[in-house]
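# Analysis of the macromolecular model
Below, each chain spelled out in residue letters.
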Amino acid sequence: MLDTNMVIGLLKGHAAAITLAEQSGFTLDKSAVSQITRMELLGYPNSPMKKTGQFANFWRPAKYVCLMNR
């Protein structure tokens with residue numbers, strides 16, 4: 001499950017996020033994000049990533065996870 005900060009780091013091309021992803025064998029099609037992370041990213045202030053469609057391209061192969069306490 002990807003954390004909001006990790007997603008932002010990957011989308012912005014931060015070396016630490018990319019290195020961590022490479023070392024862990026990260027692939028987006030085998031990853032998941034919570035609905036909360038998705039909402040946080042869509043609400044990220046003044047994000048040029050929303051305008052360029054970078055978020056939409058990122059979400060396409062990812063799985064969404066609904067976290068509920070029953």
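I will try to describe carefully the structure that is included in this document. (Residues numbered from 1 in each chain as written. Predicted model: local features only at pLDDT ≥ 70, side-chain atom pairs only at ≥ 80, totals over all residues. Heavy atoms only, no water.)

## Re the overall build of the protein
- From N to C terminus, the protein includes five helices and two strands.
- Across the 70 residues in the protein, those meeting the buried criterion constitute 33%.
- Nonlocal contacts in the protein, meaning residues at least 24 apart in sequence, comprise 72% of its contacts between residues at least 6 apart.
- Accessible surface, the protein as shown: approximately 4800 Å² in total, 56% of it carbon and sulfur. (Helix = DSSP H or I, 4+ residues; strand = E, 2+ residues; numbered from the N terminus. Buried < 20%, exposed > 50% of the residue type's maximum accessible area, 1.4 Å probe, protein only. Contact = heavy atoms within 4.5 Å. Areas by Shrake-Rupley, 256 points an atom, 1.4 Å probe, with all protein chains shown as cover.)

## A few points about helix 1 (residues 4–12)
- By the criterion of burial, helix 1 is predominantly enclosed, with seven of the nine residues buried.
- Between a side-chain oxygen at the N-terminus of helix 1 and the backbone nitrogen of asparagine 5 the separation is 2.8 Å; the capping residue is aspartate 3.
- In the stretch just after helix 1, glycine 13 is the one whose phi turns positive, near 75°. (Polar contact = N/O pair within 3.5 Å; in protein donor to acceptor, adjacent residues only side chain to side chain.)

## A short note on the nonpolar core
- Among the nonpolar cores identified, the biggest contains 14 residues, and Leu2, Met6, Val7, Leu41, Phe58 and Trp59 are the most heavily contacted of them.
- Contributing elements (two or more residues each) for this core: helix 1, helix 2 (15–23) and helix 5 (54–59). (Core = buried A, V, L, I, M, F, W, Y, C linked by side-chain atoms within 4.5 Å.)

## As for the packing of helix 1 against helix 3 (residues 35–42)
- Two numbers describe how helix 1 lies on helix 3: the axes approach to 9 Å, and their chain directions differ by 50°. It follows from the interaxial angle that helix 1 and helix 3 lie oblique. When the axes of helix 1 and helix 3 are compared, the crossing they make is right-handed. In contact with Thr4, Val7 and Ile8 of helix 1, helix 3 contributes Thr37, Glu40 and Leu41. (Axes fitted to C-alpha atoms, helices over the stretch in contact; angles between N-to-C directions. Parallel < 35°, antiparallel > 145°, perpendicular 65-115°, else oblique. Left-handed = near helix turned anticlockwise from the far one by under 90°.)

Read these as spatial facts, not as claims about activity.
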